[in-house]
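Below are the chains, spelled out letter by letter.
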Amino acid sequence: MKKILFLSAFLFLGFGLNSCSDTDLNSPTNEENQPVENNTNDIINNLESSFEVKARAEGEQVSYPDYYCGSYFKDGILVIKVKGTNIKDYKKDLEQRCKSHLFIIEEGVNTMNELLQVRDFINSKDEIGVWKKLGISACGIDPKDGKVVVMLEDASEANINNFKNEVINSPLIKFWQLSFSEGNTSLESNKQTSSLAITPTPMIPGADFYCAQGGGSVGYRCVYKTKPCIVTAGHTVKAVGNKIIDTQDLTTKLGECIECDVTGHDLAVCTLVDNVSSSNTFKYNNTTIKIVDGTYDNVKKDNMIALKGFYHSGPGKIIVEKTKLSGRTFTEFAVATYKSQDGDSGGLIFSPNTKKAVGIHIASGEIKVDGTSQKAGAFLPCSAIKWKYGTLPKNN
């Protein structure tokens, strides 16, 4: 593939060089004297926020330029794939969108709009029971490979052929195997209710709580309708009015669910009682992390993230974007290679690099790619949470 590196810093390594009026692919311009962004995560956030967003019943739908084939990270540098011959025009447009020239352009084959058309057609089959019948776990996009990824519970040749016959047979699709073990922790047998007064557990990312549905983890603190709240996975709470209880005594009320998505699986916003402290400051790998207020990082293939759940706290890498999960409300989940288990649901997905939230953990599982199996998790991006309830991280 053709790769063109726009790292203009190299142009200044020599001294006394004459300026050149000709513009070529290796000489990015900044004709509008706009501020130049150098942080890779901020560059991708600028790029993603530059695309037109259209509202739909099930969530936002992004409209991309006809030349745009997606993007991903490679060795810490943003790679943007394009299709077409007007490279100079694409380069200029992308520099304006990214507010930077620190990215690589790579030749693409399938545009993002083409991939989304196939993905959305497959997603529509979930509503009529085809996903359940064929054992489809998820369907997303791999922009690095320029393919729609269909993830089956059992990616045998027979099941793949069934999919091709009953749904669609397209060269834009590739198949992986993905199985989820979603569930909630139940009451531990050695825990008993207590009448002794306790200091309520602070509601910070990764802290645990109990409710009628089992256990869960805090995603992040936010303010919703002027009230301090936490965001967590819907299936840990399940319904509006469900109380969240302190696991120290299984008696003390910490708060209750005031908003939950229609299926009760994906997202819940819970108020906190007055005497419960909360913040977005927590420990990760012996380092104190304070999540940045009022913003988030966008999901991007091969970007490194981390989970802060009650049971697991560790790194991972995003492998699939724009993923629908079977029977879920939202269509823009992501899959990443981090370890998790029951009880981590709702935990924070964040960037250790930028200290920004990325999403909340929804389901644990195992993914098999090219014969190699590894632990994987699905998470709901902050962009979807913001679309649904307008909530973003906010510290005290």
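What counts as what
Residues numbered from 1 in each chain as written. Predicted model: local features only at pLDDT ≥ 70, side-chain atom pairs only at ≥ 80, totals over all residues. Heavy atoms only, no water. Helix = DSSP H or I, 4+ residues; strand = E, 2+ residues; numbered from the N terminus. Buried < 20%, exposed > 50% of the residue type's maximum accessible area, 1.4 Å probe, protein only. Contact = heavy atoms within 4.5 Å. Areas by Shrake-Rupley, 256 points an atom, 1.4 Å probe, with all protein chains shown as cover. Core = buried A, V, L, I, M, F, W, Y, C linked by side-chain atoms within 4.5 Å. Polar contact = N/O pair within 3.5 Å; in protein donor to acceptor, adjacent residues only side chain to side chain. Pairing = 2+ DSSP bridges. Axes fitted to C-alpha atoms, helices over the stretch in contact; angles between N-to-C directions. Parallel < 35°, antiparallel > 145°, perpendicular 65-115°, else oblique. Nonpolar A, V, L, I, M, F, W, Y, C, P; charged D, E, K, R; others polar. Salt bridge = Lys/Arg side-chain N within 4 Å of Asp/Glu carboxyl O. Arc of directions from axis to C-beta. Phe/Tyr/Trp six-rings, centres within 6.5 Å; stacked < 30°, edge-to-face > 60°. pLDDT = per-residue confidence, 0-100.

Engineer: Any chance you could explain the overall build of the protein chain here in plain terms?
Structural biologist: When helices and strands are tallied, the protein chain shows six helices and 24 strands. Out of the 396 residues in the protein chain, the part that is buried amounts to 54%. Restricting the contact set of the protein chain to residue pairs at least 6 apart, pairs at least 24 apart contribute 67%. When the accessible surface of the protein chain is summed, it comes to about 17,800 Å², and 48% of that surface belongs to carbon and sulfur atoms.

Engineer: Could you clarify how one ought to interpret the nonpolar core in this entry?
Structural biologist: In a soluble, globular protein the nonpolar side chains are often hidden away together inside. Counting 41 residues, the largest nonpolar core has Ile367 and Leu380 as its most contacted members. In terms of residue count, the dominant contributor to this core is strand 23 (residues 357-369) (six residues). For Ile367, the residues in contact, after removing those within four places along its chain, are Met151, Trp176, Gln177, Leu178, Ile319, Val335, Thr372, Ser373, Gln374 and Ala376. The next biggest cluster of nonpolar side chains, apart from the first, holds 37 residues, and it includes Val82, Ile105, Met112 and Leu172.

Engineer: Any chance you could explain the side chain of Ser170 here in plain terms?
Structural biologist: By the element assignment, Ser170 lies in the loop between helix 5 (157-166) and strand 9 (173-180). Taking the relative accessible area as the measure of exposure, Ser170 reaches 14% and is therefore buried. One polar contact links the side chain of Ser170 to the main-chain amide nitrogen of Leu172, over a distance of 3.1 Å.

Engineer: Even after reading the chapter, I still don't get the pairing of strand 18 (residues 287-290), so can you show me in this structure?
Structural biologist: By the bridge criterion, four bridges tie strand 17 (residues 281-284) to strand 18 in an arrangement that is antiparallel. In the sheet register, Thr281 faces strand 18, and the bridge partner there is Lys290. The turn joining strand 17 and strand 18, which pair antiparallel and follow one another in sequence, is formed by two residues; a positive phi near 50 degrees is taken by Asn285.

Engineer: Is there a simple way to think about the packing of helix 1 (residues 40-50) against helix 2 (residues 87-98) in this case?
Structural biologist: When two helices pack together, their arrangement is captured by the angle between the axes and the distance separating the axes. The contact between helix 1 and helix 2 brings their axes to 7 Å, and the two run at 105 degrees. Here helix 1 is positioned roughly perpendicular relative to helix 2, judged by the angle of their axes. Judged by residue contacts, Ile43, Asn46, Leu47 and Ser50 of helix 1 engage Leu94, Arg97 and Cys98 from helix 2. For the contact of helix 1 with helix 2, a count of residues per class yields four nonpolar, two polar and one charged.

Engineer: Mind showing me how you'd approach the pattern of salt bridges here?
Structural biologist: Here the idea is simple: oppositely charged side chains can pair when their charged atoms come close. Tallying each qualifying case throughout the model produces 16 salt bridges. Two residues, Asp302 and Lys144, come together in a salt bridge whose shortest N-O distance is 3.3 Å. Pair noted here: Asp302 is in the loop between strand 18 and strand 19 (304-308) and Lys144 is in the loop between strand 7 (136-142) and strand 8 (147-152), with a separation of 158 residues, a long-range link. Lys144 gets classed as partly exposed once you look at its relative accessible area, which sits at 38%.

Engineer: Quick question: what am I supposed to make of the side chain of Glu321 here?
Structural biologist: Its location among the elements puts Glu321 in strand 20 (residues 313-325). Glu321 sits in the buried class, given a relative accessible area of 2%. Dropping the residues within four chain positions of it, Glu321 is found in contact with Ser71, Gly140, Ile141, Pro143, Val299, Lys300, Lys301 and Phe333.

Engineer: Help me understand helix 6 (residues 382-389) in this model?
Structural biologist: Helical geometry: 3.6 residues make up each α-helical turn, so side chains three or four residues apart lie on a common side. All of the buried residues in helix 6 are Cys382, Ala384, Ile385 and Tyr389. Considered in projection along helix 6, the buried side chains sweep an arc of 155 degrees and stay on one side of the axis. Residues of helix 6 that are buried sit in contact with strand 12 (220-224), strand 13 (227-232), strand 15 (253-260), strand 16 (268-272), strand 23 and strand 24 (372-381). One or two positions beyond helix 6, positive phi appears at Gly390, with a value near 70 degrees.

Engineer: I would appreciate a short explanation of the environment of Lys375 in the present structure.
Structural biologist: For Lys375, the location among the structural elements is in strand 24. A relative accessible area of 47% means that Lys375 is categorised as partly exposed.

Engineer: What should I look at first to understand the environment of Glu95 in this one?
Structural biologist: Mapped onto the secondary structure, Glu95 falls in helix 2. Among the residues examined, Glu95 registers a relative accessible area of 4% and is labelled buried.

Engineer: Before we go on, may I ask you to explain the packing of aromatic side chains in this structure?
Structural biologist: Each pair of aromatic rings is reported with the distance of its centres and the angle of its planes. Tallying each qualifying case throughout the model produces eleven aromatic pairs. Seen in terms of ring centroids, Tyr224 and Tyr389 are 6.0 Å apart; in terms of plane orientation they differ by 75 degrees. Their pairing is edge-to-face. In this pair, Tyr224 sits in strand 12 while Tyr389 sits in helix 6, placing the two residues 165 residues apart along the sequence. Ring geometry for Phe282 versus Phe350: centroids 5.3 Å apart, planes at 80 degrees, classification edge-to-face. Pair noted here: Phe282 is in strand 17 and Phe350 is in strand 22 (residues 348-350), with a separation of 68 residues, a long-range link. Residue classification places Phe350 among the buried residues on the basis of a relative accessible area of 0%.

Engineer: Looking at this structure, I do not really get the environment of Val79. What am I missing?
Structural biologist: Looking at the secondary structure, you find Val79 in strand 5 (residues 77-82). Residues Val79 and Ile104 lie 25 residues apart in sequence; the distance between their C-alpha atoms is 4.7 Å. With residues up to four places along the chain from it excluded, the contact list for Val79 reads Gly70, Ser71, Tyr72, Lys74, Ile104 and Glu106.

Engineer: When you look at the confidence of the model for the protein chain in this model, what are you seeing that I'm missing?
Structural biologist: Do not read the fine detail of predicted coordinates wherever pLDDT is low. On average, residues of the protein chain score 85 in pLDDT, and 85% of them reach the 70 mark or higher. Looking across the protein chain, the model is least confident in strand 1 (residues 3-6), with a mean pLDDT of 44, and most confident in strand 22, with 98. Long-range and interchain partners of residues 1-35, a stretch whose pLDDT sits below 50, account for 56 contacts in this model, where long-range means more than four residues apart. Contacts from residues 184-190, a stretch scored under 50 in pLDDT, to residues over four places away or in other chains number 14 contacts.

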